[in-house]
Amino acid sequence: MDSAERTAVGIGSLGRLAVVGAGAVGLYYGGNLARSGIEVHFLMRGDYAHAVAHGIAVESPRGNFEIFPARCHRDAAAIGVCDLVIVAAKATANAAVPGLVGPLVGEGTAILTLQNGLGNEEWLAGHFGAWRVMGGACFVCLNRVGPARVAHYDHGLVALGEFSGPAGERTRAVAAAFRGSG
């Protein structure tokens, strides 16, 4: 694909979404998107067995909810190609990210980083192509309070945009999914 075709790739209906980094940020936003009806797959390590047995729980002043059964996986290859991959892993774990995200990426996959720190968009663009990458900044108060369990205290805003150009159809589709999920 040339760059004009790449920027035209849209998310469509967000048919399949993967969350890489199922800590507080990944569980909260992924959980809300799953609750809204989007097919969300969580790539997990330590919380995997608990999440399979008990689901994902979010405590929030906006209303507590659980995702059960939750689509939890230990291996990205078991998830397969997704329309959108949310990278919510700590930036200190970026060395592992290419191996975790690679099996999730297909021809039209977009990657949204909701990581702490600076330079994550550039880093992901260097590994997966600038046209795939979207950057996001979260303004939220929450904590992981147990296995696959998050306490949300306030806020929840995500500001997002394209790494390689102006906001387009894909950006609006992702923003609409986040708005629609609360």
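Just above, that's the structure.
The structure displayed is predicted, hence computed values, not measured ones. (Residues numbered from 1 in each chain as written. Predicted model: local features only at pLDDT ≥ 70, side-chain atom pairs only at ≥ 80, totals over all residues. Heavy atoms only, no water.)

(A) Molecular detail of helix α7 (residues 169–180). With 12 residues, α7 should reach 16 Å at 1.5 Å per residue; the first-to-last C-alpha distance of 16 Å fits that figure. Residues Arg-170, Thr-171, Val-174, Ala-175, Ala-177 and Phe-178 constitute the buried set of α7. The arc that holds the buried residues of α7, viewed along the axis, is 155 degrees, so those residues lie on one side. Every exposed residue of α7 that faces more than 90 degrees away from the buried side is listed here: Glu-169, Arg-172, Arg-179 and Gly-180. In the core, the buried residues of α7 are packed alongside α2 (24–35), β6 (84–87), β7 (110–113), β8 (133–146) and β9 (149–162). After α7 finishes, the residue Gly-182 shows a positive phi value of roughly 90 degrees. (Helix = DSSP H or I, 4+ residues; strand = E, 2+ residues; numbered from the N terminus. Expected span 1.5 Å × (residues − 1). Buried < 20%, exposed > 50% of the residue type's maximum accessible area, 1.4 Å probe, protein only. Arc of directions from axis to C-beta. Contact = heavy atoms within 4.5 Å.)

(B) Focus on the pairing of strand β2 (residues 40–43). Burial along β2 is two-sided: Val-40 and Phe-42 and His-41 and Leu-43, pointing in opposite directions, are all buried. Here strand β1 (residues 17–20) runs beside β2; their pairing, made up of four bridges, is parallel. Each bridged residue has a counterpart across the sheet, and for Ala-18 the counterpart in β2 is His-41. Crossover connection from β1 via α2 to parallel β2: handedness right-handed. Across three bridges, β2 lies against strand β5 (residues 71–73) in parallel orientation. Across the sheet, the residue bridging to His-41 is Arg-71, located in β5. (Pairing = 2+ DSSP bridges. Right-handed = clockwise from strand over helix to strand, strands pointing away.)

(C) Summary view of the side chain of His-152. Inspection of the secondary structure assignment puts His-152 in strand β9. A residue is classified by how much of its surface remains accessible, and His-152, at 3% relative accessible area, is buried. A polar contact of 3.2 Å, which involves the side chain of His-152, links it to the backbone oxygen of Asp-154. Here the side chain of His-152 touches His-155 through a polar contact of 2.5 Å, landing on its backbone oxygen. Leave out the neighbours within four places in its chain, and His-152 touches Tyr-28, Glu-59, Ser-60, Pro-61, Arg-62, Val-140, Cys-141 and Leu-142. (Polar contact = N/O pair within 3.5 Å; in protein donor to acceptor, adjacent residues only side chain to side chain.)

(D) Spatial organisation of unusual backbone geometry. Cis geometry is found at the peptide bond from Phe-68 to Pro-69, where omega equals -5 degrees. Checked against the element boundaries, Pro-69 lands in the loop between β4 (65–67) and β5. In the Ramachandran plot, Ala-148 falls in the positive-phi region, its phi being about 55 degrees despite a non-glycine side chain. Locating Ala-148 in the fold gives a position in the loop between β8 and β9. Located in the positive-phi region is His-155, a residue other than glycine, with phi close to 65 degrees. One can find His-155 in strand β9.

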